[in-house]
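Notes for the structure review
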Amino acid sequence: MSQNTIRVNEIFGPTIQGEGALIGQPTVFVRTGGCDYRCSWCDTLHAVDSDYRDEWQPMTAESIMMQVEILSGAQPLMISLSGGNPAIQPLGYLIELGKRDGYRFALETQGSIARDWFSKLDVLTLSPKAPSSGMETDWQKLAECVEAAAPQTRTVMKVVIFDEQDYAYARDVASRYPDLPLFLQPGNHTPPAPGHENGAIDMTGIMHRMRWLVDRVTADRLYSATVLPQLHTLIWGNLRGV
């Protein structure tokens with residue numbers, strides 16, 4: 001496999017971005033395969049676990065953009081690069097290629113791998129994983145990701161929260177990066193197993209956590225934070241490709 005080949009789990013859209021700084025904005029998703037984390041509540045195992053690597057298609061940047069252009073009707077919009085951890089993949093040329101035709105690029109990563117092509121992004125969302133994930137944050141690597149983004153790149157922090165320990169972690173992130181916008185969202189504690197995306201979702205539980213999070217943020221006067229739901233979860237539950 002060429003060093004410039006990108007492992008792609010799925011390409012879909014146009015739909016809307018369901019979370020973070022671009023919530024509600026029309027986008028086409030390019031979801032890559034592979035991840036260096038194994039979060040306990042991962043909702044995209046089909047793009048993470050190597051057991052599903054046979055579903056990840058090796059594609060060139062040109063073939064990816066060809067598919068995006070078909071989906072978008074050749075009208076430039078935001079392209080959301082996600083995963084897994086898309087920072088694993090060689091995405092620099094894809095970004096360069098798409099920008100020639102007026103497309104914009106957003107990427108979300110946990111901040112464990114810094115890439116020089118972060119500086120080519122329009123939006124970089126760093127989503128370090130709170131304690132409930134079972135992962136431990138390497139703060140130095142996260143700092144390297146922040147530094148890799150260009151001054152004109154819109155860099156934001158996003159933390160998924162399930163409990164009080166996660167909330168305390170989010171406050172730590174806010175104190176470490178007071179100049180970066182911080183987005184907080186309640187986690188989905190009923191993620192689907194691959195192939196079972198039509199399964200039931202505990203919407204009542206998710207909304208209970210949403211109300212709890214709003215109350216915690218306002219009571220603590222954490223006014224720098226923006227609290228959002230996972231909009232795609234509210235609309236489509238656990239369905240893929242939307």
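Below: a short report on this structure. (Residues numbered from 1 in each chain as written. Predicted model: local features only at pLDDT ≥ 70, side-chain atom pairs only at ≥ 80, totals over all residues. Heavy atoms only, no water.)

**Quick word on the side chain of Asn-85**
Counting through the fold element by element, Asn-85 comes out in the loop between strand E4 (78–82) and helix H2 (92–100). Note on Asn-85: relative accessible area 0%, which makes it buried. Here the side chain of Asn-85 touches Thr-109 through a polar contact of 2.7 Å, side chain to side chain. In contact with Asn-85, other than residues within four places in its own chain, are Thr-32, Gly-34, Cys-35, Asp-36, Thr-109, Gln-110, Ser-112 and Ile-113. (Helix = DSSP H or I, 4+ residues; strand = E, 2+ residues; numbered from the N terminus. Buried < 20%, exposed > 50% of the residue type's maximum accessible area, 1.4 Å probe, protein only. Polar contact = N/O pair within 3.5 Å; in protein donor to acceptor, adjacent residues only side chain to side chain. Contact = heavy atoms within 4.5 Å.)

**Notes on helix H5 (residues 203–219)**
In a regular helix each residue adds 1.5 Å, so 17 residues correspond to 24 Å; H5 covers 24 Å between its end C-alpha atoms and thus fits that length. Trailing H5 by a residue or two, Arg-221 shows a phi angle of about 55 degrees, which is positive. (Expected span 1.5 Å × (residues − 1).)

**Comments concerning the pattern of salt bridges**
Side chains carrying opposite charge are able to pair once their charged atoms draw close together. Per the counting criterion, the structure on display carries 10 salt bridges. Arg-31 is the salt-bridge partner of Glu-10, the closest N and O atoms lying 2.9 Å from each other. You can see Glu-10 sitting in strand E1 (residues 6–16) and its partner Arg-31 sitting in strand E2 (residues 26–32), a full 21 residues away along the chain. Its relative accessible area of 13% is what places Glu-10 among the buried residues. We classify Arg-31 as buried; its relative accessible area is 12%. Salt-bridge contacts for Lys-120 lead to Glu-96; the nearest nitrogen and oxygen are separated by 3.8 Å. Pair noted here: Lys-120 is in the loop between strand E5 (104–109) and strand E6 (123–126) and Glu-96 is in helix H2, with a separation of 24 residues, a long-range link. Where salt bridges share partners, they join Glu-164, Arg-171, Arg-216 and Asp-220 into one cluster. (Salt bridge = Lys/Arg side-chain N within 4 Å of Asp/Glu carboxyl O.)

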